[in-house]
Amino acid sequence: MSNGRALLAFAAAVCGVAALIIAKRMKDRSNWNHALAILEDFHRESATPLQRLQQIVNAMLVEMRKGLAAENESTMKMLITHINSLPTGDEKGVFYALDLGGTNFRVLRVQLGGKKKGIVQQDYEEKHLPSHLMTGTNTELFDYVASELANFVSEEGTRYNLPRDQTRELGVTFSFPVKQNSVASGTLINWTKGFAVTGTVGKDVVEELQAAMVRRGLKMRVAALVNDTVGTLARGRYVSGDVMIAVILGTGTNACYLERVDAIPKMKDALQRSGNMVINMEWGNFSSSFLPRTKIDDALDMDSINPGYQSFEKLVSGMYLGEIVRRLLLKLAREADFFGENVPPKLTMSFILSTPNICSLHQDDSSDLQMVAKTLEEVLEIRGTSLEVRQIVVEVCDIVARRGARLSGSGIVAILKKLRRSAIISGDAELHKARLSWQGQRTIVAVDGGLYEHYPKYREYMQAAVVELVGEQTAAQVSIEFTNDGSGIGAALLAACYSEEATP
Ligand code: ADP
Ligand code: MG
């Protein structure tokens with residue numbers, strides 16, 4: 001080859017490489033722009049401006065009223081819990097609780113000092129439920145639970161000076177769907193969470209437990225059957241009479257509040273005609289066309305075990321926030337080569353990204369987002385991300401968490417408004433004054449659950465939405481307070497309220 005030809009070939013090669021580089025840059029740029037467009041679309045579709053939140057508050061108020069008027073008319077069940085008496089702080093004595101709702105269950109003992117003396121002593125034991133019992137028979141399950149309870153009681157010896165033959169009072173938190181017939185009875189509608197025990201569906205779970213305790217020779221009486229939301233309300237109430245609302249923000253979400261009986265038309269044949277009643281809203285199933293749902297949420301719903309149900313929960317609670325983020329990142333990876341030319345295999349796995357992961361991605365305050373790089377690497381095996389990519393990952397987490405938090409804040413405001421309206425309608429002068437102006441008296445919202453407890457940004461966004469919706473002045477009267485262990489201590493407190501002694 002002559003020198004001239006070689007030079008030409010070299011020049012052509014250089015041009016080729018340059019062209020490739022330019023083409024790659026153009027592709028990168030177009031991908032990047034596409035990624036930004038996807039993000040922008042998601043941001044727009046899931047936006048929660050004030051006006052939208054107001055529409056959601058109003059829609060929830062309508063659903064609340066429908067649910068209180070009749071059965072099966074609302075997306076929210078608005079269940080009558082039969083709890084019309086809550087702890088005052090004066091309770092005295094030793095009470096027990098059983099918290100049964102998953103593969104672990106707890107037994108607790110609480111000694112109450114009476115007259116604002118508070119909790120003198122508390123003990124609990126966490127027990128593992130052998131997996132064969134989750135798919136065994138009704139008798140096996142309740143015999144096991146009763147015998148663990150009996151062991152717990154026998155280990156206390158004479159420490160509490162309880163007469164040997166005294167019947168102990170037990171509050172039970174049973175976190176499966178039950179149709180409650182009274183404070184201390186409820187029939188199991190169906191098992192969830194991997195339980196498939198034969199012979200329990202349609203039966204009164206309290207009767208079943210009570211019978212097992214008799215078989216075991218344990219003198220214990222189930223005084224109250226509750227869910228974790230109601231337990232949280234009781235736990236909060238023990239400390240302050242200003243607690244009117246309880247909210248769970250954990251794996252799932254739910255809320256309950258103290259309603260006036262005359263605002264519950266469906267309580268027709270009730271003995272009780274006045275006073276208050278705790279309503280378990282089951283707000284996770286709240287649904288409205290105003291909810292800011294995206295195509296990603298629709299797809300998540302379709303792939304879930306309960307499509308069409310728990311719409312609110314799927315936007316708000318800890319079980320889903322990580323999965324929503326994963327689905328959006330996967331879309332970015334597939335459609336805009338967001339993590340390079342190949343889609344990271346781990347990113348295709350459902351629920352691999354947890355809400356605690358989202359929390360640590362979101363709250364990385366290092367300038368180069370080292371925590372984000374680490375989490376992406378450890379959880380999704382995505383390495384060598386640029387700072388710009390990591391910033392977008394944080395942005396995605398922010399959008400998803402902000403939407404969830406603002407929606408749960410709107411739910412709280414809907415209940416606050418409902419409390420106020422019920423007070424006006426009932427003509428309760430004192431309540432009227434307090435809740436109409438929302439001045440003079442505080443309203444406390446007791447909140448429990450891992451999502452609320454461990455995710456400060458979520459808490460901030462939720463609080464901010466409440467302030468936006470009701471205004472600074474009113475918001476100053478509303479206090480949202482973390483309230484721990486309603487399903488344990490709360491249930492024991494309700495056992496005290498509904499003990500044989502307290503309910504002659
Ligand atoms: P459950 O709701 O199952 O009774 P918890 O109230 O303890 O249990 O809540 C657990 C849920 O809280 C987890 O499923 C998770 O979604 C959420 N969670 C736990 N830790 C964090 C965290 N650090 N950041 C955000 N969410 C968290
Ligand atoms: Mg819980």
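Here's a quick rundown of the structure.

### Here's the deal with the site of ligand 1
So, point 1. Inspection of the region around ligand 1 gives Gly250, Thr251, Gly318, Thr355, Pro356, Cys359, Gly449, Gly450, Leu451, His454 and Tyr455 as its neighbouring residues.
So, point 2. Interatomic distance of 3.0 Å between a backbone N/O atom of Gly450 and an oxygen atom of ligand 1.
So, point 3. For ligand 1, an oxygen atom lies 3.2 Å from a polar atom in the backbone of Leu451.
So, point 4. Taken by itself ligand 1 offers 570 Å² of open surface, and the protein chains cover 61% of this.
So, point 5. Where the shell around ligand 1 is concerned, the elements lending two or more residues are α10 (355-362) and α14 (450-454).
So, point 6. Taken together, the residues of the shell around ligand 1 break down into 4 nonpolar, 7 polar and no charged.

### Some words on the packing of aromatic side chains
So, point 1. The tally for this structure, following the rule as stated, stands at 11 aromatic pairs.
So, point 2. Plain terms: the ring middles of Phe105 and Tyr144 are 6.3 Å apart, the flat faces sit at 75° to each other, and that makes the pair edge-to-face. Here the residue Phe105 occupies a position in strand β3 (residues 104-113), and Tyr144 occupies one in helix α4 (residues 138-155), the gap between them amounting to 39 residues.
So, point 3. With a relative accessible area of 0%, Phe105 lands in the buried category.
So, point 4. Judged by its relative accessible area of 24%, Tyr144 is partly exposed.
So, point 5. Where Phe176 meets Phe195, the ring centres are 4.9 Å apart and the plane angle is 65°; that geometry is what we call edge-to-face. Placement of Phe176 in the loop between β5 (168-174) and β6 (178-182) and of Phe195 in the loop between β7 (185-188) and α5 (205-215) is noted, with a sequence separation of 19 residues between them. Across the pair, exposure class does not vary: Phe176 and Phe195 are buried alike.
So, point 6. An aromatic cluster of at least three residues, connected via ring pairs, comprises Phe174, Phe176, Trp191 and Phe195.
So, point 7. When the ring centre of Tyr124 is taken as origin, the NZ or CZ atom of Arg106, which lies over that ring, is 5.7 Å away.

### Section: the pattern of salt bridges
So, point 1. For the coordinates displayed, the defined rule picks out 34 salt bridges.
So, point 2. The partner of Lys266 in a salt bridge is Glu71, with the nearest N and O atoms 3.7 Å apart. In this pair, Lys266 is assigned in the loop between β10 (253-260) and β11 (276-280) and Glu71 in the loop between α2 (50-69) and β1 (79-80), connecting sequence segments 195 residues apart.
So, point 3. Looking at Lys266, the relative accessible area reads 10%, which means it is buried.

So, how was this worked out
- Residues numbered from 1 in each chain as written.
- Chains lettered and ligands numbered in written order.
- Predicted model: local features only at pLDDT ≥ 70, side-chain atom pairs only at ≥ 80, totals over all residues.
- Heavy atoms only, no water.
- Near = heavy atom within 4 Å.
- Polar contact = N/O pair within 3.5 Å; in protein donor to acceptor, adjacent residues only side chain to side chain.
- Areas by Shrake-Rupley, 256 points an atom, 1.4 Å probe, with all protein chains shown as cover.
- Helix = DSSP H or I, 4+ residues; strand = E, 2+ residues; numbered from the N terminus.
- Nonpolar A, V, L, I, M, F, W, Y, C, P; charged D, E, K, R; others polar.
- Phe/Tyr/Trp six-rings, centres within 6.5 Å; stacked < 30°, edge-to-face > 60°.
- Buried < 20%, exposed > 50% of the residue type's maximum accessible area, 1.4 Å probe, protein only.
- Lys NZ or Arg CZ within 6 Å of the ring centre and 35° of its normal.
- Salt bridge = Lys/Arg side-chain N within 4 Å of Asp/Glu carboxyl O.

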